[in-house]
Amino acid sequence: APFYTTLALWVGGIVLVALIKVKASEKDLTNPKRYQLFLGRYLIFFVMGQIQSLIIVLGDLYLLKVSCEHPGLLILTASVASFVFVLLIYTLTLSFGDVGKTIAVVMVVIQIAGSSGTFPIELLPQFFQNVYLYFPFPYAINAMREAISGMYEMNYFIYMGKLLIFAAASLLLGLVIRKPFIPLNHFFEEKMKEWLKQSNERQAGINKRNNRRNGGY
């Protein structure tokens, strides 16, 4: 349950950035600051992510009948994990566009294979043993295990604290490090729009010629 719950939260974040625009419109706004646009737009993703996390955990508890020692802590853990995951995926997408979405997908692929969610990390290849600590999955999974199976000393709070480090890193990327990439990202977006426009015009021309040929027979 901890692994698949965590996976569902991450996939939910990817689906959100695929369905909802991450870039806030400045129309009808008076000199908005970048952090206001960043945080204001993120609120939509935050709320949707929290709804997702609640549905997932309630499904675990009442549909799958997962035996849980601390249901309240499980809900809290899923809520925090969703906050971190959605913020990270949102920041990557806003900062790097489609490349950011690709990074989020690559990250989930690596974490599925090497987050210690299905097998102990000691049984996985050396590559995953070296890198798994630099991804958020292990901390969310371990925190959920503590909530489900019972807490041992301060491990739960340690895992949650380490998970929140990724939220801090996401804010740093989105509010500070992202600034130099904004013009470059805008350039690529404009080039992509231009390429799509040319591609559509070319396809329309091909379709028009085909229609003429078909009409001539």
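Fair warning: this is a prediction, and the values are worked out from it, not measured in the lab.

The rules we used
- Residues numbered from 1 in each chain as written.
- Predicted model: local features only at pLDDT ≥ 70, side-chain atom pairs only at ≥ 80, totals over all residues.
- Heavy atoms only, no water.
- Phe/Tyr/Trp six-rings, centres within 6.5 Å; stacked < 30°, edge-to-face > 60°.
- Helix = DSSP H or I, 4+ residues; strand = E, 2+ residues; numbered from the N terminus.
- Buried < 20%, exposed > 50% of the residue type's maximum accessible area, 1.4 Å probe, protein only.
- Axes fitted to C-alpha atoms, helices over the stretch in contact; angles between N-to-C directions.
- Left-handed = near helix turned anticlockwise from the far one by under 90°.
- Contact = heavy atoms within 4.5 Å.
- Nonpolar A, V, L, I, M, F, W, Y, C, P; charged D, E, K, R; others polar.
- Salt bridge = Lys/Arg side-chain N within 4 Å of Asp/Glu carboxyl O.
- Expected span 1.5 Å × (residues − 1).

## Some remarks on the packing of aromatic side chains
Considering all chains together, one arrives at 13 aromatic pairs under this definition. Seen from their ring centres, Tyr 42 and Tyr 90 are 5.6 Å apart, and the 50 degrees between their planes marks the pair as tilted. Residue Tyr 42 is found in helix H2 (residues 34-63), and its partner Tyr 90 is found in helix H3 (residues 71-96); the two are separated by 48 residues along the sequence. Like Tyr 90, Tyr 42 is buried. A network of ring pairs unites the aromatic residues Phe 38, Tyr 42, Phe 45, Phe 46, Phe 83 and Tyr 90 as a single cluster.

## A short note on the packing of helix H1 (residues 2-19) against H3
Relative orientation of the contacting elements H1 and H3 amounts to 35 degrees, with a least axis distance of 9 Å. Crossing geometry of H1 relative to H3 is assigned as right-handed. The segment H1 lies against H3, with Thr 6, Leu 9, Trp 10, Gly 13, Ile 14, Leu 16 and Val 17 engaging Ala 78, Ala 81, Ser 82, Phe 85, Val 86, Leu 88, Ile 89, Tyr 90 and Thr 93. In terms of residue class, the contact of H1 with H3 is made up of 12 nonpolar, four polar and no charged.

## Some words on unusual backbone geometry
The backbone phi angle of Lys 65 is positive, close to 60 degrees, even though this residue is not glycine. Within the secondary structure, Lys 65 is located in the loop between H2 and H3. A residue is classified by how much of its surface remains accessible, and Lys 65, at 61% relative accessible area, is exposed. Of note, Glu 153 is a non-glycine position whose phi angle comes to about 50 degrees, a positive value. Relative to the helices and strands, Glu 153 resides in the loop between helix H6 (137-149) and helix H7 (155-177).

## So, the pattern of salt bridges
Across all of its chains, the model carries one salt bridge by this definition. Note that Lys 101 is salt-bridged to Asp 98, the shortest N-O span being 3.8 Å. Here Lys 101 and its partner Asp 98 are both found in helix H4 (residues 98-114), three residues apart, which amounts to about one turn of the helix.

## Notes on H6
For H6, which comprises 13 residues, the first-to-last C-alpha distance of 18 Å matches the rise-based estimate of 18 Å (1.5 Å per residue) to within 8%. Burial runs high along H6: 11 of the 13 residues are buried. For H6, every residue scored as buried is listed here: Phe 137, Pro 138, Tyr 139, Ala 140, Ile 141, Asn 142, Ala 143, Met 144, Glu 146, Ala 147 and Ile 148. Taken together, the buried residues of H6 touch H1, H3, H4 and H7. Positive backbone phi, approximately 115 degrees, marks Gly 150, located one or two places after H6.

Don't take any of this as a statement about function, it's just geometry.
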